[in-house]
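Geometric and topological summary
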Amino acid sequence: MQESSDVDVRKIALLVGALVIAAVTAVMARSLIIGSGNPAQAASGAAPVDGPQVLVATRALPVGTILQADSFRYQPWPKELVQEAYYVQGQVPAPQPGTVVRYAITAGQPITQGAVVKPGDRGFLAAALGPGMRAVTIAVSAQSGVAGFVFPGDRIDLMLTQQVEGGGNGPALKASETFVRNIRVLATDQRTDNETKDGKTEVKTFSTVTLEATPRIAEKIAVAQSMGQLSISLRSIADNNAELERAIAAGEVSVGDSKDPKAERQILLAVASRPVDTDTTFVTGGDVSRFARRTVPGVASAPVTAPATPVAPAAGGNMYQPGPVVKIARGNAVTEVPVGGR
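Keep in mind that this is a model prediction, so the values were computed, not measured.

What follows deals with the overall build of the protein. A tally of regular secondary structure across the protein gives 7 helices and 16 strands. For the protein, buried positions account for 28% of its 342 residues. Across the protein, the fraction of contacts at a sequence separation of at least 24, relative to all contacts at a separation of at least 6, is 67%. Of the accessible surface of the protein, which amounts to about 22100 Å², a share of 57% is contributed by carbon and sulfur atoms.

A large share of strand β10 (residues 208–213) lies buried, amounting to 5 of its 6 residues. Inspection of the sheet shows strand β5 (residues 134–139) paired to β10 by 6 bridges, in the antiparallel sense. Bridging from a neighbouring strand, A135 pairs with E212 of β10.

It is worth spelling out unusual backbone geometry at this point. The phi dihedral of N182 falls on the positive side, at around 60 degrees, and the residue is not glycine. Tracing the chain through its elements places N182 in strand β7 (residues 173–188). Residues other than glycine seldom take positive phi values, yet D279 does so here, at roughly 50 degrees. According to the relative accessible area criterion, D279 is exposed, its value standing at 52%.

This paragraph deals with the confidence of the model for the protein. On average, residues of the protein carry a pLDDT of 77, and 70% of them reach 70 or more. Looking across the protein, the model is least confident in helix α2 (residues 39–44), with a mean pLDDT of 46, and most confident in helix α4 (residues 215–227), with 95. Under a pLDDT of 50 for its full length, residues 34–40 has, in the predicted model, 1 contact with residues more than four places off or in other chains. Low pLDDT, under 50, characterises residues 42–49; the stretch is placed with 13 contacts to residues that sit more than four places away or in other chains.

Using the criterion set out here, one finds 6 salt bridges in the structure. Among the ionic pairs, R184 bridges to E212, the shortest N-O distance being 3.0 Å. Of this pair, R184 sits in strand β7 while E212 sits in strand β10, placing them 28 residues apart in sequence. You can call R184 buried: its relative accessible area is 11%. Note on E212: relative accessible area 7%, which makes it buried. Across the pair R294 and D287 runs a salt bridge, and its minimum N-O distance is 2.6 Å. By relative accessible area, which is 53% here, R294 ends up exposed. Owing to a relative accessible area of 43%, D287 belongs among the partly exposed residues under this scheme. A single network of salt bridges, built from pairs that share partners, joins R216, K220 and D277.

With 20 residues, the main nonpolar core has L158, L211 and I221 as its most contacted residues. It is β7 that contributes the most residues to this core, 4 residues altogether. Apart from the residues lying within four places of it in its own chain, the contact partners of I221 are V136, I138, L158, F179, I183, L211, A213 and L230. Core analysis: the next-biggest nonpolar cluster, separate from the first, contains 11 residues, A57, F72, A115 and V116 among them.

Definitions and limits used
- Residues numbered from 1 in each chain as written.
- Predicted model: local features only at pLDDT ≥ 70, side-chain atom pairs only at ≥ 80, totals over all residues.
- Heavy atoms only, no water.
- Helix = DSSP H or I, 4+ residues; strand = E, 2+ residues; numbered from the N terminus.
- Buried < 20%, exposed > 50% of the residue type's maximum accessible area, 1.4 Å probe, protein only.
- Contact = heavy atoms within 4.5 Å.
- Areas by Shrake-Rupley, 256 points an atom, 1.4 Å probe, with all protein chains shown as cover.
- Pairing = 2+ DSSP bridges.
- pLDDT = per-residue confidence, 0-100.
- Salt bridge = Lys/Arg side-chain N within 4 Å of Asp/Glu carboxyl O.
- Core = buried A, V, L, I, M, F, W, Y, C linked by side-chain atoms within 4.5 Å.

Here's what the structure looks like:
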């Protein structure tokens, strides 16, 4: 009996010791969690609450990004890490919407004054262009420019309307063709930002639009301006996803075997934002009205005449004389019809 009692005492002691160790471990873990603060803040380098407010990017901002109001925000930052190039609240005014990113900025990174270019600054338009892209300007009217409802940063399609004579008889063929899609608007009448009035975007008509295009598409736009009238067609934001799905289904883009989600996302974003000049669509006058043409007018065929029969040349005469003919009489009217010769 004494031996059994000793065993029970040892079991109880071990159980109590395990409970004590578990309690100490829980207290230490809680202390570590409280001491580390918010993991997200610690990862982004956030400062204590009493630190200065510094302007940081809310998302990744590649080179050429046109800043909008939701592209940045103020966030506390450690005093010892604040640099003179930072936008500190109350000291340096934040960049206005329409400013362009000159150097790539990652999400949560402070925005420096040298990383952005303001409208009107030297090199602004060059910074707004993506790698390998070109800027081209076209003239538009209030009707062909969507009545001013196109703003910098929007994406559009370009349509060419022209008359094709064809060198034949009859009226010319009227046709309209969407020859390039998904082009980014850089500026309208040298404005690169959206002007606001009473907190609302102000709509203004414009006479010129500056677009971002590849070198080949820039050449196509230059030729199109001499062929007919250019019109702008504003694209929906949802069309970018549809264009991306079409490109993937057609095999025009491949993400490869990359297992990095960030790299894959960058590839897909690059594809969704590229201008496209393939699979163009067109409409002719016959598609609009049953009284209009659907094809280019052709040249009328020349009448067929019988070849002349060669004869011996007479003195001072021609070597060729008309061939045999058949006279057809219809009442008082007599008609000669050539039948050719052998």
